[in-house]
Amino acid sequence: MNAEENAPYGQGAGTPARPAAPQPASRIRTHHLARFKAEGRKFAMLTAYDQYMAQIFDEAGIEVLLVGDSAANNVMGYETTLPITLDEMIVFAKSVTAGAKRPLVVVDLPFGSYEVSPAQAVESSVRLLKEAGVHAVKMEGGAHFAGHVRALVAAGIPVMAHIGFTPQSEHTLGGYRVQGRGEGAAALLADALALEEAGAFCVLMEMVPADVAADVERRLAVPTIGIGAGPATTGQVLVWQDMLGLRTGRIAKFVKQYADLRTVVSGAARAYHDDVAAGTFPAPEHGF
């Protein structure tokens, strides 16, 4: 047994100066997430696209970081996630792995990088692991993609499945709509079971009725993650720009804003502008 396997989960080094989230002794792995479910504990997941946010979320105790294709509409300015490319995802993922020391780093397979065949999914995922240093990939889609999951797992690539509302399929789904209602609940469960059987280490559910998500959580041996799927899932995920109030406009019902970062940053930028305009910055102490 190596040092990582022998280290007790949650053990930290020394006593923190202020209360901090429990930390594993080393890198969080997929088996740690399985342990969360087995012990009835919860874990948190946030998106990240750069080294500084990765460092901050790492220090805050966030267990999983998702390099989401949501970078398309939260960083790059696109209206949807569809335009972002595999090469662009690799750049964002490299930035996150450079800053994150403890969290499990998962990256989205972007639209067009896996759908054609299991072989395409493996080829794209190998690039993400080799070039960006991520630890797992996330793939949207139901039972139809079970063969893709099997191929990835056989190649040594951990897979997080994503069902319910899948943003890459928004045109097929008719826009941002709750999935799994009524007769759709059975289909959602069937998708989850098929993906688990194929080897997915976790199943993420987006915009799913809470009771349906709770049933999936009960029926699966692997942990589930929710975003707009109620409180019963083992983990929860949010897009960090939503969670910290950086983005404006209509906010999804399932988002809780923990800060108003846009106002903070805007105020600081205005103060800087005013200081420069008034000639009070730089002051003598800022020179050489």
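The name an unreviewed UniProt entry gives the chain is 3-methyl-2-oxobutanoate hydroxymethyltransferase, with Arthrobacter halodurans as the organism. Under the UniProt heading Subunit (unreviewed entry), the note attached to the chain is "Homodecamer; pentamer of dimers." In its Pathway (unreviewed entry) section, the UniProt record describing the chain reads: "Cofactor biosynthesis; (R)-pantothenate biosynthesis; (R)-pantoate from 3-methyl-2-oxobutanoate: step 1/2."

Caption draft 1: Quick peek at the pairing of strand S8 (residues 235-238). Where strand S1 (residues 43-47) lies against S8, 4 bridges are found, and the strand directions are parallel. Bridging from a neighbouring strand, Leu46 pairs with Leu238 of S8. Summarising the sheet, strand S7 (residues 224-227) and S8 pair through 2 bridges and their orientation is parallel. Within S8, the position partnered with Ile225 by the bridge is Gly235.

Caption draft 2: The arrangement of the side chain of Gln241 in detail. With respect to the secondary-structure elements, Gln241 resides in helix H11 (residues 240-243). Looking at Gln241, its side chain comes within polar contact range of the side chain of Trp240, at 3.5 Å.

Caption draft 3: Seen up close, the UniProt feature "binding site: 3-methyl-2-oxobutanoate" (unreviewed entry) in the chain. Annotation from UniProt places "binding site: 3-methyl-2-oxobutanoate" (unreviewed entry) at Asp69, Ser70, Asp108 and Lys138. Judged by maximum C-alpha separation, these annotated positions cover 70 residues in sequence but sit close together in space, the widest gap being only 12.4 Å. The annotated residues that sit in the lining of the largest pocket are Asp69, Ser70, Asp108 and Lys138. Apart from the residues within four sequence positions on either side, Asp108 is in contact with Leu66, Val67, Gly68, Asp69, Met89, Leu128 and Lys138. Here Asp69 takes part through its backbone nitrogen, which lies 2.8 Å from a polar atom of the side chain of Asp108. Along the chain, Lys138 turns up in strand S4 (residues 136-140). A distance of 2.6 Å separates polar atoms of two side chains, one belonging to Lys138 and the other to Asp108.

Caption draft 4: Region of interest: the sheet that holds strand S2 (residues 64-67). The strand order around the closed barrel built from 8 strands is S1-S2-S3-S4-S5-S6-S7-S8, with neighbouring strands paired in parallel fashion. On average, adjacent strands in this sheet sit at an angle of 25° to one another, irrespective of strand direction. Pairing of strand S6 (residues 202-206) with S7, which is carried by 4 bridges, proceeds in the parallel orientation. From the neighbouring strand, Glu206 faces S7, where its bridge partner is Ile227.

Caption draft 5: Seen up close, unusual backbone geometry. In this structure, Pro282 follows Phe281 across a cis peptide bond, with omega equal to 5°. Residues other than glycine seldom take positive phi values, yet Met207 does so here, at roughly 50°. By secondary structure assignment, the location of Met207 is in the loop between S6 and helix H10 (210-219).

Caption draft 6: Here's a closer look at the environment of Glu59. Locating Glu59 in the fold gives a position in helix H3 (residues 51-59). Between the C-alpha atoms of Glu59 and Ala213, which are 154 residues apart in sequence, the distance is 30 Å.

Caption draft 7: Region of the structure containing the layout of surface pockets. Taken as a whole, the largest pocket holds about 910 Å³ of empty space. Around the largest pocket, the lining is made up of 32 residues, and of these Tyr176, Glu206, Met207, Ala252 and Phe254 lie nearest the centre. Every element with two or more residues in the lining of the largest pocket is listed here: helix H4 (71-74), S4 and S6. Among the residues making up the lining of the largest pocket, the classes are represented as 14 nonpolar, 8 polar and 10 charged.

Caption draft 8: A look at the packing of helix H6 (residues 118-132) against helix H7 (residues 146-154). Their axes nearest at 8 Å, the elements H6 and H7 cross at an angle of 45°. In terms of their interaxial angle, H6 and H7 are classed as oblique. For the pair H6 and H7, the crossing hand works out as right-handed. Across from Pro118, Ala121, Val122 and Ser125 in H6, the residues of H7 making contact are Gly147, His148, Ala151 and Leu152. Counted by class, the contact of H6 with H7 contains 5 nonpolar, 3 polar and no charged residues.

Parameters at a glance
Residues numbered from 1 in each chain as written. Predicted model: local features only at pLDDT ≥ 70, side-chain atom pairs only at ≥ 80, totals over all residues. Heavy atoms only, no water. UniProt positions renumbered as here; feature names shortened; annotations may be inferred. Pairing = 2+ DSSP bridges. Helix = DSSP H or I, 4+ residues; strand = E, 2+ residues; numbered from the N terminus. Polar contact = N/O pair within 3.5 Å; in protein donor to acceptor, adjacent residues only side chain to side chain. 1 Å grid on protein atoms, 1.4 Å probe; cavity = no way out; pocket = protein on both sides within 12 Å on 5 of 7 lines; lining within 4 Å. Contact = heavy atoms within 4.5 Å. Axes fitted to C-alpha atoms, helices over the stretch in contact; angles between N-to-C directions. Points joined across faces, edges and corners; volume = space filled by probe spheres on them. Nonpolar A, V, L, I, M, F, W, Y, C, P; charged D, E, K, R; others polar. Parallel < 35°, antiparallel > 145°, perpendicular 65-115°, else oblique. Left-handed = near helix turned anticlockwise from the far one by under 90°.

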